Structures are given as C-alpha cells and as structure tokens.
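Close look at the chain arrangement
Now for the letters of each chain:
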Amino acid sequence: MAGRDLAVRRALRAHADPLVVDLGYGASPVTTVELAARLRAHVPDVRVLGLELDEQRVAAGAAVAAPPVLDFRRGGFELAGTRPVLVRAFNVLRQYAESDVEPSWRAMLERLAPGGLLVDGTCDEIGRICSWVTVARSGPVSLTLSCRPATLDRRRPWPNGCRRCSSTATCPVSASTPC
Ligand SMILES: C[S@@+](CC[C@H](N)C(=O)[O-])C[C@H]1O[C@@H](n2cnc3c(N)ncnc32)[C@H](O)[C@@H]1O
C-alpha cells in the first residue's frame with residue numbers, strides 16, 4: 001500500500017532521515033516488519049518504528065527489532081516524541097468514538113515532520129478489503145478504496161435481509177447488489 005502511493009514516496013524521499021511510525025501495530029509485529037520491508041524497496045534509508053499502548057505487544061515487537069532501521073516502543077497519538085514523515089494507523093481509530101477522530105488526527109499531524117503524512121485506514125482481517133485516507137497538516141489528500149474482487153464471496157446471504165425484498169436467503173445476484 002504505502003510503497004505504491006506516490007505522495008507517500010515523495011514525502012519519504014524528500015527527507016534526510018525518513019522515519020515512519022506504525023501506530024497500534026497489534027498483537028503481532030508482523031505488519032510493521034512487512035511495512036518496513038516494502039518501504040525499503042522504494043526508500044532504502046527508511047526507518048520504521050512500531051508504537052503500541054499495550055506493553056506485551058511492545059515486548060513482542062522488541063523480540064524482532066533491528067535498530068535503528070526497525071524498532072518498537074510504547075506510545076500513542078503523541079508518537080513517543082518522534083517527528084516522523086509518515087504515520088500509518090491501521091484499524092486503530094475504529095475502536096474509538098467518531099468524536100475522537102479529529103483530536104487524534106490533530107495530535108498526530110502536529111507532530112509530523114514538515115511535509116509529513118498520516119495514513120489512517122481499516123481493512124478486513126486478511127487485508128483483502130481496505131480503505132484509507134491520506135491526510136496532510138493542510139487537510140485530506142486522498143481516499144483510497146481497495147479490494148481483490150476474485151476473493152469476494154458473491155453468494156453470501158444477507159444477514160439482515162435484502163434491502164428491497166427483506167429476504168434473508170442467498171442473494172442470486174451478488175452480496176453488494178440487492179435482488
Ligand atoms: C485492531 S489492532 C490493529 C493492529 C494492526 N494495525 C492491524 O491493522 O492489523 C489495534 C491496536 O491498536 C492499539 N491502540 C489502540 N489505541 C492506540 C493508541 N492511541 N496508540 C497506540 N496504539 C493504540 C491497540 O493496543 C491494538 O493493539
């Protein structure tokens with residue numbers, strides 16, 4: 001995701017010390033490790049720092065750390081006092097109230113390096129369906145919706161009934177088009 005995004009690549013390449021924060025990386029540091037590998041293919045001197053509120057998750061990250069290029073620390077929206085060029089926060093703010101989003105974004109955006117970006121998104125468990133917004137201090141830059149159509153189950157029943165006929169039977173057309 002981040003490696004293919006032109007705005008992200010430009011921002012990272014414009015900085016002498018391109019630091020990326022993966023905020024709220026979760027139970028396993030695997031997504032942070034993958035992010036670092038993918039970004040390094042485009043920005044060889046990138047450094048990635050995983051931040052978590054949960055101490056046990058920080059300890060899990062520390063076990064695979066390779067400082068200074070890949071590190072893990074305890075931290076939240078204050079970004080542990082760092083000035084990253086990019087913050088990725090995936091599936092973090094969806095645990096919060098909608099009214100928390102703006103102050104959280106503001107807290108992170110204020111701490112970015114000049115020209116920095118925040119990528120805030122959400123996805124299903126295996127990342128086949130994703131959406132994310134890229135935000136700069138001056139405001140939103142883009143909204144991306146992404147999915148792999150071949151993996152979508154097109155014959156899933158409507159759990160709450162079809163919006164038109166109220167049937168809960170398997171929709172013969174698709175899961176996204178009411179019959
Ligand atoms: C659902 S997991 C997301 C994991 C990973 N980013 C992913 O998309 O697979 C959300 C994580 O965010 C962490 N978290 C929640 N609020 C946070 C905050 N303000 N700062 C840092 N981490 C936070 C939680 O501890 C949890 O591990």
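Quick note: structure is the one above.
Small disclaimer: the values here were computed from a predicted structure and weren't measured. (Residues numbered from 1 in each chain as written. Predicted model: local features only at pLDDT ≥ 70, side-chain atom pairs only at ≥ 80, totals over all residues.)

A closer look at the nonpolar core
Keep this limit in mind: To define a nonpolar core, we join buried Ala, Val, Leu, Ile, Met, Phe, Trp, Tyr and Cys residues through C-beta atoms within 7 Å and take the resulting set. In this scheme the burial state of a residue depends on its C-beta neighbours within 10 Å: 20 or more other such atoms mean buried, 12 or fewer mean exposed, and anything in between means partly exposed; the C-beta positions come from the backbone. Under the DSSP-based scheme used, a helix requires at least four consecutive residues in state H or I and a strand at least two consecutive residues in state E, with every element numbered from the N terminus. Think of it this way: build a C-beta for each residue from its backbone, and any pair within 7 Å is a contact.
Val20, Val48, Leu86, Val87 and Leu118 are the most contacted members of the largest nonpolar core, which totals 33 residues. Counting residues per element, the ones that place at least two in this core are α1 (6-13), β1 (19-23), α2 (30-40), β2 (47-52), β4 (86-90), α4 (98-111), β5 (117-123) and β6 (129-136). Each residue touching Val87, except ones within four places of it in the same chain, is listed here: Val21, Leu23, Leu79, Met108, Leu112 and Leu118.

With respect to the site of the ligand
Rule in force here: By definition, a residue lies near a molecule or strand when the C-beta atom built from its backbone is within 6 Å of it. Only Asp, Glu, Lys and Arg are considered charged in this grouping, and only Ala, Val, Leu, Ile, Met, Phe, Trp, Tyr, Cys and Pro are considered nonpolar; every other residue, Gly among them, is considered polar.
If you check the shell around the ligand, you find 16 residues, and the closest are Gly24, Gly26, Gly76, Phe90 and Asn91. Residues of the shell around the ligand, tallied by class, amount to seven nonpolar, six polar and three charged.

Concerning the sheet that holds β6
Paired through backbone hydrogen bonds, the strands of a sheet run either parallel or antiparallel to each other. Test applied: We treat two strands as partners when DSSP finds at least two bridges between them. The convention used is that axes are lines fitted to C-alpha atoms, helices contributing only their stretch in contact, and that angles between N-to-C directions extend from 0 to 180 degrees.
Strand order in this open sheet of seven strands is β3-β2-β1-β4-β5-β6-β7, and the pairing throughout is mixed. With partners counted over all chains shown, the strands left at the sheet margins are β3 (70-74) and β7 (139-147), one partner each. When strand polarity is set aside, the average angle formed by the axes of neighbouring strands in this sheet is 20°. Against the sheet, α2 touches β1, β2, β3 and β4, its axis set at about 160° to β2. Its contacts with the sheet put α4 on β4, β5 and β6, and the angle it makes with β5 is roughly 140°.

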